[in-house]
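An overview of the molecular structure
In case you want the letters, here they are:
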Amino acid sequence: ATSHWRQQLRKQQRKSRGTSETRIMDRGGNQDDGIIFRLVHSRYYEAVCLSLLLVNAVWIGVQVQYHATSHTEIPLKFEIDLLFGIVFMLELLLRVYADGRQLCTSDDAVWNVFDIIVVMMMWVELVIAAASVDASSSSSMSVVRVI
C-alpha cells in the first residue's frame, strides 16, 4: 500500500513540476521521506504555517504597542518569542529534510533563503535578549522581521 502511495506521489511530482525520478534522490538521498514531503507540501501545513506567521506578526505588534504605552517589556516576551523561534526553526528543518538541496535550487529558492535569514534574525534577537544586551536593539530587530 505504501509503495502505491509513493508511486502516486512521484507521478504527481513529475506531473506538477515536470521533474524526473532522480529528483527524489536529489532532495538529499532519503527515499523514505514521503510522509514528511507530503506533510510539508500539503495545503493544511501551509495554512497552519501562514496562521503562525500572522499570529507572530500580531504578537510583535502587541509588544510594540505595550512597550510604547508602558515603557516596559510585555510579560512573558522572551518565553513567547522563544516558542515562536522553536516552531519556525522546526518548520524550516522539516522543509530542509523534505526538499534537501531543492530548497536552494527550486523556483522558490529566493523565498526559502529569505525565510532562513528571517529565522536566523529571530535567533540572533533571542540570543541578544537572553544575554540581556540593550533591549531596544532587539525590539528594533522585531520591527525588521515584520517588514
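Structure report, in brief.

Time to look at helix 4 (residues 43-70). Taking 1.5 Å of rise per residue, 28 residues should cover 40 Å, and helix 4 covers 40 Å from first to last C-alpha, within 8% of that figure. Every buried residue belonging to helix 4 is among Tyr45, Cys49, Asn56, Trp59, Ile60 and Gln63, and all of these are buried. Two residues or fewer after helix 4 comes His71, characterised by a positive phi angle close to 60°.

Taken N-terminus to C-terminus, the directions of helix 5 (residues 77-99) and helix 7 (residues 109-130) make an angle of 150°; their axes are 10 Å apart at the nearest point. As far as their axial angle goes, helix 7 and helix 5 are roughly antiparallel. For the element pair helix 5 and helix 7, the recorded crossing hand is left-handed. Only Asn112, Asp115, Ile116, Val119, Met122, Trp123, Glu125, Leu126, Ala129 and Ala130 of helix 7 make contact with helix 5, whose side of the interface consists of Lys77, Phe78, Asp81, Leu82, Phe84, Gly85, Ile86, Phe88, Met89, Leu92 and Arg95. Here the residues of the contact of helix 5 with helix 7 are counted per class, giving 14 nonpolar, two polar and five charged.

Attention now goes to the packing of aromatic side chains. Inspection of every chain in the model, using the stated rule, returns two aromatic pairs. Judged by centre distance (6.0 Å) and plane angle (20°), the rings of Phe84 and Phe88 are stacked. One end of the pair is Phe84 and the other is Phe88, both in helix 5 and four residues apart, which spans about a single turn. Since its relative accessible area comes to 10%, Phe84 is described here as buried. Ring plane angle 90° and centroid distance 6.0 Å describe the contact between Trp111 and Phe114, whose orientation is recorded as edge-to-face. Placement of the pair is Trp111 and Phe114 together in helix 7, with a separation of three residues, close to one helical turn.

Applying the stated criterion to the full structure yields four salt bridges. Lys77 is paired through a salt bridge with Asp81; the nearest N and O atoms lie 2.8 Å apart. With Lys77 and Asp81 both in helix 5, this residue pair falls four residues apart, about one helical turn. Ionic contacts of the salt-bridge type, sharing partners, join the residues Lys77, Asp81 and Glu125 into one network.

Conventions we followed
- Residues numbered from 1 in each chain as written.
- Predicted model: local features only at pLDDT ≥ 70, side-chain atom pairs only at ≥ 80, totals over all residues.
- Heavy atoms only, no water.
- Helix = DSSP H or I, 4+ residues; strand = E, 2+ residues; numbered from the N terminus.
- Expected span 1.5 Å × (residues − 1).
- Buried < 20%, exposed > 50% of the residue type's maximum accessible area, 1.4 Å probe, protein only.
- Axes fitted to C-alpha atoms, helices over the stretch in contact; angles between N-to-C directions.
- Parallel < 35°, antiparallel > 145°, perpendicular 65-115°, else oblique.
- Left-handed = near helix turned anticlockwise from the far one by under 90°.
- Contact = heavy atoms within 4.5 Å.
- Nonpolar A, V, L, I, M, F, W, Y, C, P; charged D, E, K, R; others polar.
- Phe/Tyr/Trp six-rings, centres within 6.5 Å; stacked < 30°, edge-to-face > 60°.
- Salt bridge = Lys/Arg side-chain N within 4 Å of Asp/Glu carboxyl O.

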